[in-house]
Amino acid sequence: MTSPTLSTPTAQEFGERLFGAVLGLQLAQSTYLGDRLGYYRALAAGGPLTPAELAARTATAERYAREWLEHQAVCGVLTVDDGHTFSLPPGTAEVLTDELSPNHVLPLARMCVGLGQHMDALAAAYRSGGGVSWAEFGADAREGQAAMNRPLLLGPVPREYLPSVPGIAAVLERGGRVADVGCGHGWSAIGLALAHPGVTVDGYDLDAPSIDAARRNAVDAGVADRVRFHLADAAAVTGTYDLVTAFECIHDLPDPVGVLTAMRRLAGTRGVVLVMDERVAETYTAPGDEVEQLMYGFSLMCCLPDGLAHPGSVGTGTVMRPDTLRRYASEAGFDGAEVLPIEDTFFRFYQLV
Ligand SMILES: C[S@@+](CC[C@H](N)C(=O)[O-])C[C@H]1O[C@@H](n2cnc3c(N)ncnc32)[C@H](O)[C@@H]1O
């Protein structure tokens, strides 16, 4: 991850930087269309293709298919032979179509371009102090979020990161009971069940389309007998669990202390409480590195307006620093929030004790 320099740019330098960002935005927009229209999947499955072939395989109009293919080749995403047959190189195909690859960055484009469709509502919220809820952001946000985290939640998190924490390893080995709050499409719960055959997981989320998707995903993954999803406010959940997790959701919550209080109650005196949230800097510094820029970008367009859509919200935003989580944990009755020695570019892992 790189950081911008501290020196003040000339008008020409900053103009060039913004121009480059616009080219990147246009690429993200055409990538969004290529995903939504099935262009990349058609090229990956049956390439090289001409515009007429791509249009026929995706039920789209040939004139648009040609313009899109030409733009992608001009940008160096696709290669072109004889000016009219286009191919998707294997490495590029992995980033764009391999949903389980750690290099599957495409959902980031989906989410950012999708959030951009809500500019009127966002501008109104910025004026009024209100918000734009997760439900209003719709499928691009919900499905983009799930797809973004899926490779991590099915791979390193259950297979490397959590087993490296002794207290959690013991729960996973003995087939303990797990509660996963703010579970979204369920990949964290499903990942834990797939990697640890004795474990049972209850996932909780108050977004109905997410719970429906999570239930389908559990069936498809063959773990629906051990992973159950519940449409519920995490703050109101009862029961006793050996491990209680919250993956990338505490900063979204209007009432994080209420949910952390419930997590503490669910873990009882012996359970482990784990939070995965953004690996932002310990303190505010500007300019910031790429992770900091990305998280502020999401905060502007998604997490802060989502949080503020609910009356009485604390309005955390995506940039939840460790001190903020420690304060929330303390108000929820924990003695502390220990940062675990898990190395990840985007996420920090906390054990609440
Ligand atoms: C950013 S998404 C993260 C989803 C998932 N954990 C993941 O990593 O993909 C945050 C989720 O928290 C859920 N959520 C927000 N408030 C909640 C609450 N009070 N109880 C349960 N879920 C909640 C939202 O509906 C959303 O699915």
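Okay, so let's go over this structure.

Basis of the calculations
- Residues numbered from 1 in each chain as written.
- Predicted model: local features only at pLDDT ≥ 70, side-chain atom pairs only at ≥ 80, totals over all residues.
- Axes fitted to C-alpha atoms, helices over the stretch in contact; angles between N-to-C directions.
- Helix = DSSP H or I, 4+ residues; strand = E, 2+ residues; numbered from the N terminus.
- Parallel < 35°, antiparallel > 145°, perpendicular 65-115°, else oblique.
- Left-handed = near helix turned anticlockwise from the far one by under 90°.
- Contact = placed C-beta atoms within 7 Å.
- Nonpolar A, V, L, I, M, F, W, Y, C, P; charged D, E, K, R; others polar.
- Expected span 1.5 Å × (residues − 1).
- Bend = angle between axes of the 7 residues up to and from the residue.
- Buried ≥ 20, exposed ≤ 12 C-beta atoms within 10 Å, placed from the backbone.
- Near = placed C-beta within 6 Å.
- Core = buried A, V, L, I, M, F, W, Y, C linked by C-beta atoms within 7 Å.
- Pairing = 2+ DSSP bridges.
- Right-handed = clockwise from strand over helix to strand, strands pointing away.

1. Description of the packing of helix H12 (residues 187-195) against helix H13 (residues 208-221)
With their axes 10 Å apart at the nearest point, H12 and H13 run at an angle of 20 degrees to one another. When the axes of H12 and H13 are compared, the pair comes out roughly parallel. In the crossing of H12 with H13, the sense of the turn from one axis to the other is right-handed. Across from Trp 187, Ile 190 and Leu 194 in H12, the residues of H13 making contact are Asn 217, Ala 218 and Ala 221. Class assignment for the residues of the contact of H12 with H13 results in five nonpolar, one polar and no charged.

2. Points about helix H9 (residues 139-154)
Here H9 is 16 residues long and its end C-alpha atoms lie 21 Å apart, about the 22 Å a rise of 1.5 Å per residue gives. Along its length, H9 reaches its greatest deviation from straightness, about 30 degrees, at Met 148, and the proline Pro 151 lies no more than four positions downstream. In terms of burial, H9 is a largely internal element, 13 of the 16 residues being buried.

3. Digging into unusual backbone geometry
Residues Ala 286 and Pro 287 are joined by a peptide bond in cis, for which omega reads 0 degrees. Position of Pro 287 among the secondary structure elements: in the loop between strand S7 (272-278) and helix H15 (290-307). Phi is positive for Ala 59, which is not a glycine, with a value near 55 degrees. Positionally, Ala 59 belongs in the loop between helix H3 (51-58) and helix H4 (62-74). One non-glycine residue, Asp 82, lies in positive phi territory at about 55 degrees. The residue Asp 82 is located in the loop between strand S1 (79-81) and strand S2 (85-87) in this model. Judged by C-beta crowding, with 6 C-beta atoms within 10 Å, Asp 82 ranks as exposed.

4. Looking at the site of the ligand
The local shell around the ligand holds 23 residues, among which Gly 182, Gly 184, Asp 207, Ala 234 and Cys 249 are the closest. Considering each element in turn, the shell around the ligand owes the most residues, three residues, to H9. Within the shell around the ligand, the residues separate by chemical class into 12 nonpolar, six polar and five charged.

5. With respect to the environment of Gln 293
Note that Gln 293 resides in helix H15. For Gln 293 and Val 319, which are 26 residues apart along the polypeptide, the C-alpha to C-alpha distance reads 9.8 Å.

6. Quick notes on the nonpolar core
Of all hydrophobic cores here, the largest spans 61 residues; its most connected members are Val 181 and Met 263. Looking at which element gives the most residues to this core, the answer is helix H14 (residues 256-267), with six residues. Discounting residues that sit within four places of it in the chain, Val 181 has contacts with Tyr 204, Ala 234, Ala 246, Cys 249, Val 259 and Met 263. Within the second largest apolar cluster, 36 residues are counted, among which are Leu 88, Leu 115, Met 148 and Leu 304.

7. Side note on the packing of H9 against H12
With their axes 9 Å apart at the nearest point, H9 and H12 run at an angle of 20 degrees to one another. Considered as vectors, H9 and H12 are oriented roughly parallel to each other. Pair H9 / H12 crosses with right-handed handedness. Contacts between H9 and H12 involve Ala 146, Asn 149, Arg 150, Leu 153 and Leu 154 from the first element and Trp 187, Ser 188, Gly 191 and Leu 194 from the second. Among the residues making up the contact of H9 with H12, the classes are represented as five nonpolar, three polar and one charged.

8. A closer look at the sheet that holds strand S8 (residues 337-339)
In space, the seven strands of this open sheet follow the order S5-S4-S3-S6-S7-S9-S8, with mixed pairing throughout. Only two strands of the sheet have a single neighbouring strand rather than two, namely strand S5 (227-231) and S8. Between one strand and the next, the sheet's axes are offset by a mean angle of 25 degrees, whatever the strand orientation. As paired strands, strand S4 (residues 200-205) and S5 are joined by five bridges and run parallel to one another.

9. A closer look at the pairing of strand S6 (residues 243-247)
Most of S6 sits out of view: five of its five residues are buried. Residue alternation in S6 divides its side chains into two sets, Leu 243, Thr 245 and Phe 247 and Val 244 and Ala 246, and both sets are buried. As paired strands, strand S3 (residues 177-181) and S6 are joined by four bridges and run parallel to one another. Within the sheet, the bridge partner assigned to Val 181 lies in S6 and is Ala 246. For the segment spanning S6, H14 and S7, crossover handedness is right-handed.

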